Amino acid sequence: VVRRHLLQRYEHQPFISCLAGFYSCRWKRYQRRRTEPGKCCCKTVNYLRINTDVGFCIGTAFCFSLVFLYMWGEAKNDYNNFDWYNYGNLGFWFLWSLVLLIVAAILFMYIALLLVLAMCLLAEGQQLYLHWSHKIGTFLVLGFSVTALFILSVLWGDQWKTVRLSFQITAPYLHIGAITIMVLLSWPVALHAIRADKKVVQVIIVGPYLAILLFLFLIPLGMYSPCIREMGTLGPKPALIGHRGAPMLAPENTEMSFQKTIEHGGDGLETDVTISYDGIPFLMHDSTLRRTTNIKEVYPNDTAQNAALFSWDTLQELNAGTWFLKDKPFSCMGSLSRADQNQAMNQSIYKLSNFLRLADSQNKVVIFDLYRPPEKHPYRNSWINRTLEVILNESGIRPHLVLWLENDMRSFVQSVAPGFQQTMGSKAPVEDLLMDNIVKLNLAYTEMSSEDIRKYAEANITTNFYVVNEPWLFSLAWCSGAHSVTTNAVHTLKNLSQPLFLMTPQQYNIMWILTDLTSVLLISLIFAL
């Protein structure tokens, strides 16, 4: 009897030993205590309490890390904005967005592995002795995810609108992923339910599982995606307007950048216009010259000065391209050829008149944000008049190629340049837009709505969305009926021949039904075994 007891006590169990070793750092050749899954008695109260507490902590950390990873993964379209925001606060350029994504992915994989180990140990009737280092790791994941979600919600709340839009594309595939997880969970659920002593315990274990499963089976009934549509109903591909040119291929707002947009088949050019102290409109997005020129080397004492307070002669002394090769503002830029590197290094600040001549010669529409000069600037009160002089008298661009966005003095602009395409930067009632002769809306992509697009299109008002860089977001704009998008990635979006997630309702129904039937079959087999 003693010999048999010792052999049973020291029986080699490599699978459980590995699980316990990775999870609780207890590398033993035998199992000290075991509670059969589903068994419930007074001796297992402490077992249930400990396992419930540990499981709740790991499960909570897993959920928050999953939400943050999904949110930040879908935020890739705006990584450049995030990095630019940090540059403005920290004073140096770094791809913080990519670092945050890598950290989020590592923490999620860590907590997911802990969750899998915990589920396997529970299935073997083990108590969850979580090692102190994993406890610290769990709270680190939870704290990081909650803090990151809170900070991003406060500083960048519109990102939740991006998440909401992404569901219109990813929902069918998230549904399949959720069903797959439920199939995997059916093993420990079935093990605990079948070995339970009482019917009440079985109902408590199986009931919530089946309720969640039924909800997942039926959720596609309320799912909507503009990319699930009948054959032949897809509208034309949206036109591509280069955002400050092609800033992934060349320094933004330079001649090279706009040339790259034209080379890759862009349909229009977008830029930002500032007026120099002596009245020369030039292209510059930032209020200072610090980020996109070498002013720190040429005029180190003037790095914080407003760009509009420099004369044009001074601006011409600056290099507007070397920063691009040094900072690499996009994580997916790729490598430039030697010729492109040399060209980028020799870029200068671009004059508005030259920009307009280039657009006119290539028959490209232009749209630009016009910045009012600061106080005490000679052209602070005549900035629009001066810009119109350049457009109408100096550049020679055909008026119909100009999408006029500035709302100040719109009536005056229409009287002197009736050929401009009047463009509004916000949504408004159709009647008000028609009264102001608006023919196009220029909206942030977070305001994308297929219903609004259709409503405005019926009044012959087209829509342009900015800034759309990711293929999934461009696919959503295409399916929703957008007329054009402003993008940093003309070179990649131009190659899309159709939306990425386009399918017919019949194809989606087949996918939905097959997923549900396959999962029911697998879950039934697991419970039967």
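About the cut-offs
Residues numbered from 1 in each chain as written. Predicted model: local features only at pLDDT ≥ 70, side-chain atom pairs only at ≥ 80, totals over all residues. Heavy atoms only, no water. UniProt positions renumbered as here; feature names shortened; annotations may be inferred. Salt bridge = Lys/Arg side-chain N within 4 Å of Asp/Glu carboxyl O. Helix = DSSP H or I, 4+ residues; strand = E, 2+ residues; numbered from the N terminus. Buried < 20%, exposed > 50% of the residue type's maximum accessible area, 1.4 Å probe, protein only. Domains from an automatic or database assignment. Contact = heavy atoms within 4.5 Å. Buried area = accessible area lost by both parts, 1.4 Å probe. Polar contact = N/O pair within 3.5 Å; in protein donor to acceptor, adjacent residues only side chain to side chain. Nonpolar A, V, L, I, M, F, W, Y, C, P; charged D, E, K, R; others polar. Core = buried A, V, L, I, M, F, W, Y, C linked by side-chain atoms within 4.5 Å. Disulfide = S-S within 2.5 Å. Patch = residues over 30% accessible without salt bridge, like charges linked within 9 Å, V, L, I, M, F, W, Y side chains within 5 Å. Areas by Shrake-Rupley, 256 points an atom, 1.4 Å probe, with all protein chains shown as cover.

An unreviewed UniProt entry annotates the protein as GDPD5 protein of Ciconia maguari. You can read under Subcellular location (unreviewed entry) in the UniProt record for the protein the words "Membrane". We quote the UniProt Sequence similarities (unreviewed entry) comment for the protein here in full: "Belongs to the glycerophosphoryl diester phosphodiesterase family."

Turning next to the pattern of salt bridges. Applying the stated rule across the entire model yields 12 salt bridges. Between E252 and R291 there is a salt bridge, with its nearest N and O atoms 2.9 Å apart. Taken as a pair, E252 in the loop between β1 (239–243) and α9 (255–263) and R291 in the loop between β3 (281–283) and α10 (295–298) lie far apart in primary sequence, 39 residues in all. The exposure classification of E252 matches that of R291, with both residues buried. The salt bridge involving K455 is made with D452; its shortest N-O contact spans 3.8 Å. Here K455 and its partner D452 are both found in helix α18 (residues 450–458), three residues apart, which amounts to about one turn of the helix. Accessibility expressed as a relative area gives 38% for K455, which makes it partly exposed. Several salt bridges converge on common partners, so that one network encompasses R244, E252, D272, D286 and R291.

What the domain assignment lists for the protein is domain 1 (1–228 + 510–528) and domain 2 (242–285 + 352–498). The interface of domain 1 with domain 2 comprises 17 residues on the first partner and 15 residues on the second. Summed over both partners, the interface of domain 1 with domain 2 comes to about 1,300 Å²; 58% of that surface belongs to carbon and sulfur atoms. Inspection of the region where domain 1 meets domain 2 yields zero salt bridges. If you look at where domain 1 meets domain 2, you find six residue pairs in polar contact (both at pLDDT 80 or more). If one sorts the elements of the side of domain 1 that touches domain 2 by residue count, helix α7 (residues 159–194) sits on top with eight residues. Residues of the side of domain 1 that touches domain 2, tallied by class, amount to six nonpolar, five polar and six charged.

Moving on to the UniProt feature "transmembrane region" (unreviewed entry) in the protein. UniProt's entry tags residues 54–73, 93–124, 136–157, 169–191 and 203–224 with the feature "transmembrane region" (unreviewed entry), counted in the numbering of this structure. Between the end C-alpha atoms of residues 136–157 the distance is 29 Å, and the span holds 91% helix and 0% strand. The span residues 169–191 carries 100% helix and 0% strand; its end-to-end C-alpha distance comes to 36 Å.

With that out of the way, let us pick up the nonpolar core. Across soluble globular proteins, nonpolar side chains have a tendency to be buried as a group. The biggest cluster of nonpolar side chains holds 34 residues, and the ones touching the most others in it are Y23, I58, F68, W72, I111 and L152. Broken down by secondary-structure element, the contributors of at least two residues to this core are α2 (14–24), α3 (45–74), α4 (79–90), α5 (96–123) and α6 (132–155). Counting residues per element, this core draws most heavily on α5, which supplies 11 residues. Among residues more than four places away in sequence, those in contact with F68 are L100, A104, F144, S145, A148, L149 and L152. Counting residues in each nonpolar core, the second largest holds 30 residues, with L443, Y456, A459 and F465 among its members.

What follows deals with the state of the cysteines. Among covalent bonds in proteins, the disulfide is the one between the sulfur atoms of two cysteines. Enumeration according to the criterion identifies one disulfide in this entry. The disulfide partner of C227 is C479, and the S-S distance across this bridge is 2.3 Å. The sign of the 105° torsion about the S-S bond sets the C227-C479 disulfide as right-handed. Here C227, found in the loop between α8 (199–218) and β1, pairs with C479, found in helix α19 (residues 471–480); they are 252 residues apart in sequence, far enough to count as distant.

What follows covers a nonpolar patch on the surface. A cluster of nonpolar side chains, namely W84, Y85, F150, I151, V154 and L155, defines an oily patch on the protein surface of about 640 Å² accessible area. Counting only elements with at least two residues in the nonpolar patch, the list comes to α4 and α6. Element by element, the count of residues in the nonpolar patch is highest for α6, at four residues.

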